[in-house]
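A structural walkthrough
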Amino acid sequence: MLPTEAQWEACARGPKGLIYPWGNEWDGTRVGVRGVGPRVTWPVGYFPQSVAIFGHHDMVGNLWQWTLNPFDDDEHRGAMAVRGG
């Protein structure tokens, strides 16, 4: 079962409500994003330095993750909200 957007955010931010799983400052060396290495989908856990506080991998970068919530705008009606990526 997919998480709701709120559940996904809680896992990614942890109890302190961090901006990123590792803290509040961006660190592009912790994730697979455009401009970092080859353009591929990295294996789960490839960036262990970005593991979220509850042990979830790849909450930022690598690929988009679906949630149970639909987009809440008219342009994307019927599409589901995504997070991560």
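Conventions we followed
- Residues numbered from 1 in each chain as written.
- Predicted model: local features only at pLDDT ≥ 70, side-chain atom pairs only at ≥ 80, totals over all residues.
- Heavy atoms only, no water.
- Helix = DSSP H or I, 4+ residues; strand = E, 2+ residues; numbered from the N terminus.
- Buried < 20%, exposed > 50% of the residue type's maximum accessible area, 1.4 Å probe, protein only.
- Polar contact = N/O pair within 3.5 Å; in protein donor to acceptor, adjacent residues only side chain to side chain.
- Phe/Tyr/Trp six-rings, centres within 6.5 Å; stacked < 30°, edge-to-face > 60°.

**Remarks on the environment of arginine 13**
With respect to the helices, strands and loops of the structure, arginine 13 is situated in helix 1 (residues 5-13). Judged by its relative accessible area of 33%, arginine 13 falls in the partly exposed class. Sequence separation between arginine 13 and methionine 59 is 46 residues; the distance between their C-alpha atoms is 9.2 Å. At 2.6 Å, the side chain of arginine 13 and the side chain of glutamate 9 are in polar contact.

**Considerations on the packing of aromatic side chains**
Applying the stated criterion to the full structure yields six aromatic pairs. Taken together, a centroid distance of 5.1 Å and an interplanar angle of 70° make the contact between tyrosine 46 and phenylalanine 47 edge-to-face. The exposure class of phenylalanine 47 is buried, given its relative accessible area of 9%. Taken together, Tyr20, Trp22 and Trp26 form an aromatic cluster joined through their ring pairs.

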